[in-house]
Amino acid sequence: MSSHNEKDTPINIPQSDDMRAALLKASTSFVDTFINSTSKFAVFRTVPTSAPPPNAAPTRTLLILDSSFNPPSLAHLTLATSALRASKTRYPGPRRLLLLFSVHNADKKAAPAPFEQRLAMMYKFAEDLSDRISKKPQESQSQTSEQEGADVAIDIGLTKLPYYNDKTSAIEETTEESSHYAGEPVHIHLTGFDTYTRIFAAKYYPNHNPPLSALNTFFDKHGLRVTIRADAEQGKDERGEWGSAEEQRKTIEALGKGELEDVGGKKAWAEKVEITEGEAEGRGVSSTRVRKAVKGEDWDTVGRLCTPKVAEWVRGEGLYTVDG
């Protein structure tokens, strides 16, 4: 155990108050405009700023990291970097990554960080992620280089829809004037095991018979990359019992064995689901742990669980200091 007082350990905050205020003003305006519009999906910004907008350059694979980002953490980072290193045979380029947040989540209320703060943190996270994947191999802390994703643009977007099949439809929507993404890309949602179980939970599709027939359109073209929670082998986490890595894998493989056919799940969909194990850097990391560390002013832990600019933002904005 460290002999110094971790509560007093500073997190450097190079961002000026003016820079934070400008970003927060922009994110607040974007959220307000989006909520009061008829749009179901919109892109806030793209990182790096030199990247072409999503509707300007054809994209073949759109990797989608859909989360509450409350706050973004190393668990989110490893989901993204692992996917960007994945085989280009399975996920051909040109590729883009979309960080997506729903202002209407099926399970989670808008707390403790408000939407505009969430969007601002997603932007800072995108900057950190872009920095990570653009590092030269010898600069990366990972033994496997993230250079495969060095040319990937990262979009930060909002949706009003709570369910994956509806979100994909909103992203695919086009008008006579334009489309959100050029090239009609395949969508690959990057999820954890807990999210996978929600996607295939029949209770979320009461207006479809059988319930999982709601996913027909999604799996006609798109797919999932599911990261199983290796840390769950150690016991119960804050979200419940997910079982061992082997038990999680068996749950996912049940789809291909036809065990979900009675509720509308098709065996053929299993070909669109990739199973991967979580990387060590993100194991045991959760947004809940980050919030607990912030409340306890344990800034060393916050710095270990979050990317640098997100940790700076959280402390600079005074987020998560009280229960939401």
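Quick note: structure is the one above.
Residues numbered from 1 in each chain as written. Predicted model: local features only at pLDDT ≥ 70, side-chain atom pairs only at ≥ 80, totals over all residues. Heavy atoms only, no water.

Peer 1: Got a sec to walk through the pattern of salt bridges? Specific residues and values, please.
Peer 2: Inspection of the entire model under this criterion finds 14 salt bridges. Of the charged contacts in the structure, one is a salt bridge between Glu317 and Arg20, with a shortest N-O distance of 3.2 Å. A residue pair is termed long-range when its members are at least 10 positions apart, and Glu317 in helix α10 (residues 308-317) and Arg20 in helix α1 (residues 17-35) qualify at 297 residues. Where Glu127 meets Lys124, a salt bridge forms, and the shortest distance between an N and an O atom there is 2.8 Å. You can see Glu127 and its partner Lys124 sitting in helix α3 (residues 115-133), three residues apart, about one turn around the helix. Look at Glu127 and you get buried, because its relative accessible area is 17%. In this structure, a network of salt bridges that share partners links the residues Lys124, Glu127, Asp131 and Lys309. (Salt bridge = Lys/Arg side-chain N within 4 Å of Asp/Glu carboxyl O. Helix = DSSP H or I, 4+ residues; strand = E, 2+ residues; numbered from the N terminus. Buried < 20%, exposed > 50% of the residue type's maximum accessible area, 1.4 Å probe, protein only.)

Peer 1: Describe in detail the packing of aromatic side chains, supporting the description with residues and values.
Peer 2: The description of an aromatic ring pair uses the distance of the two centres, along with the angle that the planes make with each other. A full pass over the atoms with the stated rule returns 10 aromatic pairs. Centroid distance Phe69 to Phe125: 6.4 Å. Interplanar angle 45°. Geometry classified as tilted. With Phe69 in the loop between β2 (61-66) and α2 (74-84) and Phe125 in helix α3, the pair connects residues that are 56 residues apart, well separated along the chain. Summarising the burial analysis for this pair, Phe69 and Phe125 share the class buried. Geometry around Tyr123 places Arg45 over its ring, the cationic atom sitting 5.0 Å from the centre. (Phe/Tyr/Trp six-rings, centres within 6.5 Å; stacked < 30°, edge-to-face > 60°. Lys NZ or Arg CZ within 6 Å of the ring centre and 35° of its normal.)

Peer 1: Explain the nonpolar core to me, using residue names and the numbers behind them.
Peer 2: Leu65, Leu97, Leu99, Leu119, Leu129, Ile156 and Leu158 are the most contacted members of the largest nonpolar core, which has 54 residues in total. Those residues in contact with Leu129, other than ones at most four positions away along the chain, are Leu77, Ala80, Thr81, Leu97 and Ile154. Counting 22 residues, the second-largest nonpolar core is a separate cluster that includes Tyr205, Ala214, Trp269 and Val273. (Core = buried A, V, L, I, M, F, W, Y, C linked by side-chain atoms within 4.5 Å. Contact = heavy atoms within 4.5 Å.)

Peer 1: A description of the sheet that holds strand β5 (residues 186-192) should follow, citing residues and the corresponding values.
Peer 2: Spatially, the seven strands line up as an open sheet ordered β1-β4-β3-β2-β5-β6-β7, and their pairing is mixed. Among the strands making up the open sheet, the edge pair consists of β1 (41-47) and β7 (273-277). Going across the sheet, the axis of each strand differs from the next one's by a mean of 25°, ignoring polarity. Relative to strand β4 (residues 153-159), strand β3 (residues 95-102) runs parallel, the two sharing seven bridges. (Pairing = 2+ DSSP bridges. Axes fitted to C-alpha atoms, helices over the stretch in contact; angles between N-to-C directions.)

Peer 1: Outline the packing of α1 against α10, listing residues and values.
Peer 2: One can describe the packing of α1 onto α10 by two numbers: an axis separation of 12 Å at closest approach and a directional angle of 90°. One way to sum up the angle between α1 and α10 is to call them roughly perpendicular. Across the interface between the two elements, Arg20, Leu23 and Leu24 of α1 pack against Trp313, Gly316 and Glu317 of α10. Across the contact of α1 with α10, the residue classes tally to three nonpolar, one polar and two charged. (Parallel < 35°, antiparallel > 145°, perpendicular 65-115°, else oblique. Nonpolar A, V, L, I, M, F, W, Y, C, P; charged D, E, K, R; others polar.)

As far as function goes, none of this settles anything; it's purely spatial.
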